[in-house]
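Structural overview
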Amino acid sequence: RFVVNSATGSERVLAVKVHLFVHKAEAAMDPATESTLAQLREVLSIMSERPDARTREAALDVLLKMTATSEGCRLVHEAGGTVASCRALGDDASVDKVALSVLTNLAAADGEGPGAQDMLRRGVVDTVMATLADKKSNTQKEALMLLSNLSRSVHGSERLMQTHVEGLAGLHMRKLLNWYLSSAGDKKDSWDLVAYIIFNVSQIQEGRDFMRRRSTDLLAQILPQLRSDSVLRRRGTAGTIYNLCFEEEDHYWLLNELKIVPHLLYPLCGPEELTLEDKTGMDPVLWIEGEDKERETDEEVIQILLKALLLLCTSRRGREKLRDEKVYIIIRNMDLALTEQEEESKKADGNGDDEQADSGTYVPTIAEQEVGTSDLIYKLVNMLQGDEEYRNRAEADEADKRARDARLEEKSSADAPKHEELQQTGSTSAKDVD
């Protein structure tokens, strides 16, 4: 979910600025006052008179400042700011940039609410796609952020997939994917936000059907993005794969035809040395780099990949395939490395090292982290070892039974006590998968 801050400098002095909360103290205490709404409506009335581009841009900046909070978003929509911002699109490049930012904030706060629905009804998705197709436009980032926020809802994803237009379903997504894939590796990665849009769209059935269509092979084309330098691309791709793992009937295709396991494991591999036995059955790409291999550092990417592997464990054949490809070895080494890093971090904290690394640009998450990485590793290891433990327990129970039978046969008493077979417990249930 993206939220945009106002970009207008304090040096801009225009008449419309008078309307930006003259009574600041009163508005701060109660932003829902009638005076606040009246001021907003007055600002919007200026826009309705079609003034020059600078004035329209300044008026929209007033709305942008308000939409920095959820309560402000509610007030802006109630005052008619959603409709006004939609109407402002396409007039002027500088106006478009601010209008798109206002709509981005409204879509982030509203979700499936009336504000987002107003945007969708007014065809804002088609308008934004036309803006993206214009090579002269400088609003690409703002346009993609708006599409990302809108596609978080079911209706937004359906509009982007064009499920409502016969014969055009998927056209917008094909364009976005073309721009996204053709720009992979560019120094100035201006299309990386498309990864979040693909993830959002894959949450609906039409989006998943689109991505796993065999004729286009789209999923295979985005898999290399798990190795991208952009964390946005890595998170979005991991999330898309995770969504496509939910339907068990696709697991054979994912595991045996698409051969997805090495792609999921590559980010989880580190520089740990592997024995010849460990490498047997493992894809060489997972160990060929040796000591130069760097493990994924983004915890969200790691967690999503672990969840995808857990979904692939829901069937016995899936678990057997993951065992054959030595998933356990990779997960074991990662768990040991992460545990060691955690211990070193605790030691550093204990030594009073309060220096924190620069976090850089803020990157929104695509999913809330409900459980920790160690918990996901524990679940995955249990799933992978469950069937083997089942067989071991069965063999042990059978051996105990044979031993008891032998002892009973040695007894000459006719009333020798009868024995009961030990009950065998099954493997870990698929319902435990997160």
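**What about the confidence of the model for the protein chain?**
Of all residues in the protein chain, 76% attain a pLDDT of 70 or more, and the chain-wide mean is 81. Note on residues 7-30: pLDDT is under 50 here. Beyond four places in sequence and across chains, it has 35 contacts. Within the model, pLDDT remains below 50 along residues 411-434, and this stretch shows 40 contacts once partners closer than five positions in the same chain are excluded.

**Some points on the pattern of salt bridges**
According to the stated counting rule, one finds 17 salt bridges in the structure shown. In this structure, the salt-bridge partner of Lys65 is Asp61, at a minimum N-O distance of 4.0 Å. Taken as a pair, Lys65 and Asp61 lie in helix α3 (residues 53-66) at a separation of four residues, close to a single helical turn. With its nearest N and O atoms 3.4 Å apart, the salt bridge here joins Glu325 to Lys321. A residue is classified by how much of its surface remains accessible, and Lys321, at 23% relative accessible area, is partly exposed.

**Here we look at the packing of helix α6 (residues 93-110) against helix α7 (residues 114-121)**
In the contact formed by α6 and α7, the axes pass within 7 Å of each other and the chain directions differ by 130 degrees. In terms of orientation, α6 lies oblique with respect to α7. In this structure, α6 contributes Leu103, Leu106, Ala107 and Asp110 to the contact, and α7 contributes Pro114, Gly115, Ala116 and Met119. Counted by class, the contact of α6 with α7 contains six nonpolar, one polar and one charged residues.

**Quick word on the packing of aromatic side chains**
Tallying each qualifying case throughout the model produces two aromatic pairs. Here the basic side chain of Arg214 rests over the ring of Trp253, its NZ or CZ set 4.0 Å away from the ring centre. Against the face of Trp287 rests Lys279, its NZ or CZ located 4.5 Å from the ring centre.

Thresholds, definitions, all that
- Residues numbered from 1 in each chain as written.
- Predicted model: local features only at pLDDT ≥ 70, side-chain atom pairs only at ≥ 80, totals over all residues.
- Heavy atoms only, no water.
- pLDDT = per-residue confidence, 0-100.
- Contact = heavy atoms within 4.5 Å.
- Salt bridge = Lys/Arg side-chain N within 4 Å of Asp/Glu carboxyl O.
- Helix = DSSP H or I, 4+ residues; strand = E, 2+ residues; numbered from the N terminus.
- Buried < 20%, exposed > 50% of the residue type's maximum accessible area, 1.4 Å probe, protein only.
- Axes fitted to C-alpha atoms, helices over the stretch in contact; angles between N-to-C directions.
- Parallel < 35°, antiparallel > 145°, perpendicular 65-115°, else oblique.
- Nonpolar A, V, L, I, M, F, W, Y, C, P; charged D, E, K, R; others polar.
- Phe/Tyr/Trp six-rings, centres within 6.5 Å; stacked < 30°, edge-to-face > 60°.
- Lys NZ or Arg CZ within 6 Å of the ring centre and 35° of its normal.

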